[in-house]
Amino acid sequence: MRIARFSIDGNVAFGAVEGEGPDGLVLDIIKGIPYAEFELSGTKVPLNKVRLLPPVLPNKVVAIGRNYAEHAAELGNEVPDVPVAFFKPTTSVIGSGDAIEYPSFSNELHHEAELAVVIGRMCREVPRERVKDVVFGYTCANDVTARDAQKREKQWARAKGFDTSCPLGPWVETDLDPHDLTIQATVNGEQRQLGRTSDMIRSIEDLVVHITEAMTLLPGDVILTGTPAGVGPLHVGDEVAVTIEGIGTLTNKVIKRG
């Protein structure tokens with residue numbers, strides 16, 4: 001099931017996405033919240049009549065760096081012995097169709113297409129065999145990065161945590177095997193990144209186990225699983241799209257901040 005979060009007439013709701021094709025999609029409004037048992041209301045609205053919002057409002061986004069060997073190599077980095085984890089704040093999260101604001105402290109903005117894992121229940125110290133029980137679903141993500149700031153600052157907080165640096169969407173797909181999916185990024189229609197989730201150094205199971213050894217994850221929290229090779233520059237006016245097989249396409253335009 002594809003679960004979207006949207007606004008219409010000033011109201012925010014979740015809905016199940018039904019139908020096919022850009023003009024044939026409708027939202028069946030959900031009663032309640034999707035992390036618990038819910039019912040479909042039967043009230044349907046065309047997708048093109050609503051504004052898509054970030055599909056979740058995470059308490060935290062835990063991102064993993066250098067989880068694809070070719071990406072680590074293209075930036076001159078070695079594959080780390082353990083997963084490299086960092087946070088992106090909730091204020092970095094935007095939805096499909098929202099604008100990425102080019103930060104004033106950077107002159108080298110990059111796209112990073114990623115598969116995002118959405119957590120469905122509160123969990124800590126999750127054993128490997130139970131990871132599937134705590135995952136709600138999957139969505140597309142763009143770990144937008146101020147590469148020059150990342151290089152000159154010892155921590156990545158500003159480089160990867162600035163406002164609008166974490167596009168998520170367009171919705172969450174709950175019925176998906178994430179282990180061998182095509183993932184790609186285009187800028188103005190030109191392909192930049194193309195890889196498969198099977199190329200991850202550490203699997204989703206590895207990452208959930210590693211992260212929950214240290215911290216509790218809450219419903220709606222997001223894990224970014226790393227990016228394949230091909231990251232590259234974004235400029236004001238560019239339209240960047242992240243497409244993942246079985247999920248859909250997350251599209252954002254880059255604008256000048258303020």
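Details of the structure are given in the entry above.
Right, let's walk through the structure included here. For every chain, the first residue of the written sequence is number 1, and numbering continues from 1 onward in sequence order. Local features in this predicted model are restricted to residues of pLDDT 70 or higher, and side-chain atom pairs are both shown and tallied only at a pLDDT of 80 or more, whereas totals for entire chains, interfaces and linings draw on every residue. Hydrogens and water are ignored here; the side-chain numbers use all heavy atoms of the structure.

Attention now goes to the pairing of strand β14 (residues 166–173). In this scheme, a residue with accessible area under 20% of its type's maximum is buried, one over 50% is exposed, and one in between is partly exposed, where area comes from a 1.4 Å probe on protein chains only. By the criteria applied, helices consist of DSSP H or I runs no shorter than four residues and strands consist of E runs no shorter than two, each listed in order from the N terminus. Counted residue by residue, β14 has eight buried out of eight residues, so it is predominantly covered. When DSSP finds two or more bridges between a pair of strands, those strands are recorded as paired. With two bridges connecting them, strand β1 (residues 2–8) and β14 associate as antiparallel partners. Bridged to Arg-2 within β14 is Glu-173. By the bridge criterion, two bridges tie strand β8 (residues 93–94) to β14 in an arrangement that is parallel. When the sheet's bridge partners are listed, Ile-94 is paired in β14 with Pro-167. Direction of pairing for strand β12 (residues 135–142) relative to β14: antiparallel, over a ladder of three bridges.

The set of residues buried in helix α5 (residues 204–212) consists of Ile-204, Glu-205, Leu-207, Val-208, Ile-211 and Thr-212. End-on, the buried residues of α5 take up no more than an arc of 165 degrees, which puts them together on one face. At its buried positions, α5 is contacted by β6 (61–65), β11 (113–119), α2 (131–134), β12 and β17 (222–224). Summarising the geometry, the arc corresponds to the directions from the helix axis toward the C-beta atoms. Working rule for contacts: check all heavy atoms of both residues, and any pair within 4.5 Å makes them a contact.

Looking now at the pairing of β6. Look at any regular strand and the pattern is simple: side chains alternate between the two faces of the sheet. In terms of residue burial, β6 counts as a mostly covered element, since five of its five residues are buried. A two-sided burial pattern is seen for β6, the buried positions comprising Val-61, Ala-63 and Gly-65 on one face and Val-62 and Ile-64 on the other. The pairing of β6 with strand β7 (residues 84–88) spans five bridges and is antiparallel. Across the sheet, residue Ala-63 finds its bridge partner in β7, namely Phe-86. Here β6 runs beside β17; their pairing, made up of three bridges, is parallel. Bridge pairing in β17 places Ala-63 opposite Leu-224.

On to the packing of aromatic side chains, then. Whether two aromatic rings pair depends on their centres lying within 6.5 Å, for rings of Phe, Tyr and Trp, where Trp uses its six-membered ring; planes under 30 degrees apart make the pair stacked, over 60 edge-to-face, and the rest tilted. Taken as a whole, this structure holds three aromatic pairs when the rule is applied. Ring plane angle 70 degrees and centroid distance 5.2 Å describe the contact between Phe-86 and Trp-156, whose orientation is recorded as edge-to-face. Placement of Phe-86 in strand β7 and of Trp-156 in the loop between α3 (147–152) and α4 (157–161) is noted, with a sequence separation of 70 residues between them. Across the pair, exposure class does not vary: Phe-86 and Trp-156 are buried alike.

Checked against the element boundaries, Ile-29 lands in strand β3 (residues 26–31). On a C-alpha basis, the gap between Ile-29 and Ala-214 in space is 36 Å, while along the polypeptide they are 185 residues apart. Once residues lying within four places of it in the same chain are set aside, the contact partners of Ile-29 are Phe-6, Ala-13, Phe-14, Gly-15, Glu-39, Leu-40, Ser-41, Gly-42 and Thr-43.

This next bit is on the sheet that holds strand β18 (residues 232–234). Judged by pairing direction, the sheet is antiparallel, and its three strands sit side by side in the order β13-β10-β18 without closing on themselves. Looking at strand neighbours, the two that pair on one side only are β13 (145–146) and β18, the edges of this open sheet.

In what follows, salt bridge is the name for a side-chain nitrogen of Lys or Arg lying within 4 Å of a carboxyl oxygen of Asp or Glu. Applying the stated criterion to the full structure yields 16 salt bridges. Ionic pairing is found between Asp-98 and Arg-51, a salt bridge with its closest N-O pair at 3.1 Å. Pair noted here: Asp-98 is in the loop between β8 and β9 (99–102) and Arg-51 is in strand β5 (residues 51–52), with a separation of 47 residues, a long-range link. You can call Asp-98 buried: its relative accessible area is 15%. Between Lys-60 and Asp-221 there is a salt bridge, with its nearest N and O atoms 2.8 Å apart. Linking Lys-60 in the loop between β5 and β6 with Asp-221 in the loop between α5 and β17, this pair joins segments that are 161 residues apart in sequence. Like Lys-60, the residue Asp-221 is buried in the burial classification. Salt bridges sharing common partners tie together Lys-88, Glu-112, Asp-143, Arg-147 and Lys-160.

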